[in-house]
Amino acid sequence: MDEFDGLKEECGLFGIWGHPEASELTYIAMHSLQHRGQQGAGIVSSSGDYLFGARGMGLLTEALSKEQLDSLKPFPHAIGHTRYASSGGSELSNVQPFLFKSHKGDLALAHNGNLVNAMNLRRALEDQGAIFQTTSDSEVLAHLLRRERGGGEESFEGRKKRIKKVLKQVKGAFAFMIMHQDSLTVALDDHGVRPLMLGKKDGSYCVASETCAFTAIGAEYIRDIEAGEMITITDEGIDFDHYTDTTSPHMCSMEYIYFARADSEFRRTSTYRIRKELGRSLAEEMQGIDADIVIGVPDSSLAAAHGFSEASGIKQEQGLLKNRYVGRTFITPGQEARERAVRMKLSPVRDIVEGRRVIVIDDSIVRGTTSRFIVKALKKAGAKEVHMGVSSPPLKNPCYYGIDVSTHAEIIASTKSPEEIRDEIGADSLTYLSVDKMHDVYHSFGSKGQCDACFTGNYPIDIEEAILPQEKDLKQKGV
Ligand code: AMP
Ligand code: SF4
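Quick caveat, the model's predicted, so the values are computed rather than measured. (Residues numbered from 1 in each chain as written. Chains lettered and ligands numbered in written order. Predicted model: local features only at pLDDT ≥ 70, side-chain atom pairs only at ≥ 80, totals over all residues. Heavy atoms only, no water.)

**Re the confidence of the model for the chain**
Model confidence for the chain is summarised by a mean pLDDT of 90, while 92% of its residues fall at 70 or above. Per-residue pLDDT stays below 50 along residues 2-9; that stretch engages in 32 contacts with residues further than four places along the chain or on separate chains. (pLDDT = per-residue confidence, 0-100. Contact = heavy atoms within 4.5 Å.)

Listed below in structure tokens is the structure:
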């Protein structure tokens, strides 16, 4: 399912350098990245001498007015950010890009991901006299950048050296865009957890979290930016570099499973095709189950259901419909509200499911709210049997790299076995994809390495500094 009030996705980045329509293109590109964050959006543009910003809360159409956009139109360089609060609160001051003014020049910053040592860095900076305007961990980078000295203050190489030094101090998952009046630097953490892509539009370089942003503006997709890479774009051209040579690629597996848009490509393979393969593999695990139809939970699981259907020979039907007009539901948080939100978004097609044995494919189970509702609704609509297939392994652990599930308590599979979950959601059977089969699919698409920590607990980046005190308590109690 999408846009559910469960665990939330992170942010969308887009930037373009040296294009007469930079801010308009950024606005269009950000629309296609709206699925990566709906809490706020902003654009910062550079005239070459100064930076100018506009930002607001909510969906892009609500966040930025025509007047704001018009004010940025004359400028040839722009970066944009769509935000979901994976760290920091959801007030306007936390909406990015952040824009800082100083006598040394302007600086703008946009970040996708989560820094695991942000808390400690922030404390150290505060002890040295820094005052923070936001509760976002991304602001830490701006303070570090401002403080860094040496390397030849004003030269291009000097600035690069300082940025490299700072990037080495931050730990965690990050795709950063750092804009000065005369340059745009983008960098990806040494594990390459979050996606970042390089493109070109009418001869101007652009970067985006996903290639669907390039499609939206008619840009060419050049390549995926690699772990530890740092790219600087100026009027003189593009500079490819690495801030570190010690890298260990661990791209987020959930990007393929759920987050990314189905038409976005990773290493030239669409998310749709990857999800289809995950569905095919799941079909192998569910060979023993007889059913009349297979249905996918719209929209993110339709590709997996398609693959499942192709591999099993069981006909795919649209047995669940999604109401596309339910956006954010302004209802109070809590379990009852979550259930109501799912009911508002999904409904079964009685005529399709009545009297039939149904296999339902969903891409993931987090709290179990969606599956519980779906099984109940399908049975109420007359389904004879409901078998649940999940095109990812049991999600058991919180993510510290930018996905908003911070405690084990929120995650059903962290305390319950698949059989207990099956019982709780009321399905006739429940099958997850195995971790090995998931990796086999990724390898077949040329993955250089995947993070699977939310499934296996093997965190590729040390999380000790990021663990909340209450999580530590639970860990000690063995929960
Ligand atoms: P839950 O109902 O809590 O078990 O959440 C599972 C549902 O949320 C599935 O339908 C997923 O497609 C969807 N989902 C998975 N990850 C996310 C996410 N990060 N943000 C929003 N929805 C998600
Ligand atoms: Fe992605 Fe899971 Fe790793 Fe977080 S823990 S980065 S959601 S694979």
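The structure having been displayed, the exposition proceeds.
**A short note on the pairing of strand β7 (residues 172-180)**
Of all nine residues making up β7, nine are buried, and the element is well covered by its neighbours. Note that strand β6 (residues 107-115) and β7 share eight bridges and pair antiparallel. Within β7, the residue paired with Asn114 across the bridge is Ala173. Sheet analysis places β7 next to strand β8 (residues 183-188), joined by six bridges and oriented antiparallel. Looking across to β8, one finds that Ala175 is bridged to Leu188. The turn joining β7 and β8, which pair antiparallel and follow one another in sequence, is formed by two residues. (Buried < 20%, exposed > 50% of the residue type's maximum accessible area, 1.4 Å probe, protein only. Helix = DSSP H or I, 4+ residues; strand = E, 2+ residues; numbered from the N terminus. Pairing = 2+ DSSP bridges.)

**Quick word on the domain arrangement of the chain**
The domain boundaries assigned to the chain delineate domain 1 (3-249) and domain 2 (271-476). The distance between the C-alpha centroids of domain 1 and domain 2 comes to 31 Å. (Domains from an automatic or database assignment.)

**So, the UniProt feature "binding site: [4Fe-4S] cluster" (unreviewed entry) in the chain**
Sequence positions flagged by UniProt for "binding site: [4Fe-4S] cluster" (unreviewed entry) are, in local numbering, Cys252, Cys399, Cys451 and Cys454. These annotated residues cover 203 residues of sequence, and their C-alpha atoms lie no more than 10.3 Å from one another, placing them together at a single site. Looking at the element boundaries, Cys252 is found in strand β14 (residues 251-252). Overall, the relative accessible area of 8% leaves Cys252 in the buried class. Once residues within four sequence positions are removed from consideration, Cys252 is found in contact with Val193, Arg194, Phe259, Gln450 and Cys451. With residues up to four places along the chain from it excluded, the contact list for Cys451 reads His250, Met251, Cys252, Ser253, Tyr401 and Pro460. (UniProt positions renumbered as here; feature names shortened; annotations may be inferred.)

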